[in-house]
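Structural description and commentary
What follows is each chain in one-letter form.
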Amino acid sequence: SDISSHENIGSPGKAQRRGFGPFLVAVEKPFEVKVHRSHRFITLTPSLAMASIILKRTQQKMPLVGFGLWKASSVTKSTCADTVYNAIKAGYRLLDGAGDYGNEKEAGEGVRRAIADGLVKREDLFITSKARPLWNTFHAHDHVKQISKMQLGLWGIDYFDLFLIHFPVALRYVDPSHRYPPEWFGDDGKVYLQNTPMSETWGAMEELVDEGLTKNIGLSNCQGSLILDVLRYAKYEPQVLQVELHPYLSQEALVKLCKTFNIAVTAYSSFGPQSYVELGIDKNTPSLLKHNMTSAMASAHGKTEAQVLLRWATQRGIAVIPKSNDLGRLVANLECNTFDLSESELAALTALNINLRLNDPADIDDRLAIFA
């Protein structure tokens, strides 16, 4: 059955576990977030339900709603530390970063300030990173460990809660002292592939777990056949798969496969083309935030269109990582689990699927058609 993170919550601070297929979902009630009109301070009182997915191997709780750090135009270096600090103050406990985002140092500054001010302890946070190592140019065994330690240093922390292979693409190594993040291209603007098998990269990822550099490891932007391949040789199975997922790209078969193998799913780009408009790669697709269906559901529930789109995912046990520099929207996104969509509403949003993929490396180079 669908999870409802605000039913039978119990006393504040205590978690209940509810089944969602093979997933366990912990439901907590630590506080309610109230943003005052001036946006200068936030009141936290017991009320807001916070749901978490219980990861299979470690039994660690991964928040169902996190704060995403992608896109320099949205979370710029100059404002990133403040944005991360405010997100933590508002109640976010999952921060989703990546080497490719180019703002790890600033994100870490926000985390350290929040810890210094007594808002949280390190163990209260769930910090995810994706390596540009385990990005594309660092797939070789030795480079995996090198870049993970570098990224931890930029964050100013001792371990990640989750470390992901950003794309299943191996590109020619770029030394971080030469260029970091390395991007997709060489100095001449061309794409250079490297013959490093996924098994080598995954083996190095498992060593990061053994050395305490990360608690959990997982995949991003991978399809079913590659997931099944990794499962054949993995000592530590992937705990999480992070993929583009929204009503225009519902990925139902992939989600079903992950649930079969107890792999938690995190959706990025939950608002569909909205994240890609300013990059000029939204493919002229109508906005989900302005879609008549989304607006009608938002009106019916007294919620925002963004909350409806996020709840479409979280109500089915899929984690989300929205982003915003606006404190009001930041808090509203976090409160997306305070209502339920009906079965017919969930189905109607899913029926909007047109298999629209907005983040596809094949648009950069035909040899990078990982979703073919």
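Residues numbered from 1 in each chain as written. Predicted model: local features only at pLDDT ≥ 70, side-chain atom pairs only at ≥ 80, totals over all residues. Heavy atoms only, no water.

Identification of the chain as D-xylose reductase from Rhizopogon vesiculosus is taken from an unreviewed UniProt entry.

Some words on the packing of helix α5 (residues 198-210) against helix α6 (residues 224-233)
In contact at an axis separation of 10 Å, α5 and α6 are set at 60° when each is read in the N-to-C sense. Taken as axis vectors, α5 and α6 run oblique relative to one another. Of the two elements, α5 crosses α6, and the hand of that crossing is right-handed. Where α5 abuts α6, its residues Met198, Ser199 and Trp202 lie against Leu226, Val230 and Tyr233. Class assignment for the residues of the contact of α5 with α6 results in 5 nonpolar, 1 polar and no charged. (Axes fitted to C-alpha atoms, helices over the stretch in contact; angles between N-to-C directions. Helix = DSSP H or I, 4+ residues; strand = E, 2+ residues; numbered from the N terminus. Parallel < 35°, antiparallel > 145°, perpendicular 65-115°, else oblique. Left-handed = near helix turned anticlockwise from the far one by under 90°. Contact = heavy atoms within 4.5 Å. Nonpolar A, V, L, I, M, F, W, Y, C, P; charged D, E, K, R; others polar.)

Describing the state of the cysteines
For the structure shown, the criterion picks out 0 disulfides. Between Cys222, a free cysteine, and Cys258, which holds the nearest cysteine sulfur, the sulfur-to-sulfur gap is 9.8 Å. (Disulfide = S-S within 2.5 Å.)

A short note on the pairing of strand β7 (residues 126-131)
The side chains of a regular strand alternate between the sheet's two faces. Within β7, 6 of the 6 residues are buried, which leaves the element mostly enclosed by the surrounding structure. Burial along β7 is two-sided: the residues Phe126, Thr128 and Lys130 and Ile127, Ser129 and Ala131 are all buried. The sheet contact formed by strand β6 (residues 94-96) and β7 spans 3 bridges and is parallel. Its bridge partner being in β7, Leu94 is matched across the sheet by Phe126. For the handedness criterion, the β-α-β arrangement of β6, helix α2 (residues 104-116) and β7 is classed as right-handed. As defined by bridge partners, β7 adjoins strand β8 (residues 160-165) across 4 bridges and the pair is classed as parallel. Paired with Lys130 across the bridge in β8 is Leu164. (Buried < 20%, exposed > 50% of the residue type's maximum accessible area, 1.4 Å probe, protein only. Pairing = 2+ DSSP bridges. Right-handed = clockwise from strand over helix to strand, strands pointing away.)

Comments concerning unusual backbone geometry
The step from Tyr180 to Pro181 runs through a cis peptide bond, and the omega angle for that step is -5°. Secondary-structure assignment places Pro181 in the loop between β8 and α5. Positive phi values are uncommon outside glycine, yet Gln59 reaches one of about 60°. Inspection of the secondary structure assignment puts Gln59 in the loop between β3 (42-54) and β4 (61-63). Positioned with a positive phi, Gln251 is a non-glycine residue whose angle comes to about 50°. Within the element layout of this structure, Gln251 appears in the loop between β10 (240-244) and α7 (252-260).

Regarding the nonpolar core
With 93 residues, the main nonpolar core has Met62, Trp155, Ile227 and Leu241 as its most contacted residues. Non-local contacts of Ile227, meaning those with residues more than four positions away in its chain, are made with Leu219, Cys222, Leu241, Leu254, Cys258 and Ile263. If you look at the next biggest cluster of nonpolar residues, it comprises 6 residues, including Phe167, Val169, Trp184 and Leu368. (Core = buried A, V, L, I, M, F, W, Y, C linked by side-chain atoms within 4.5 Å.)

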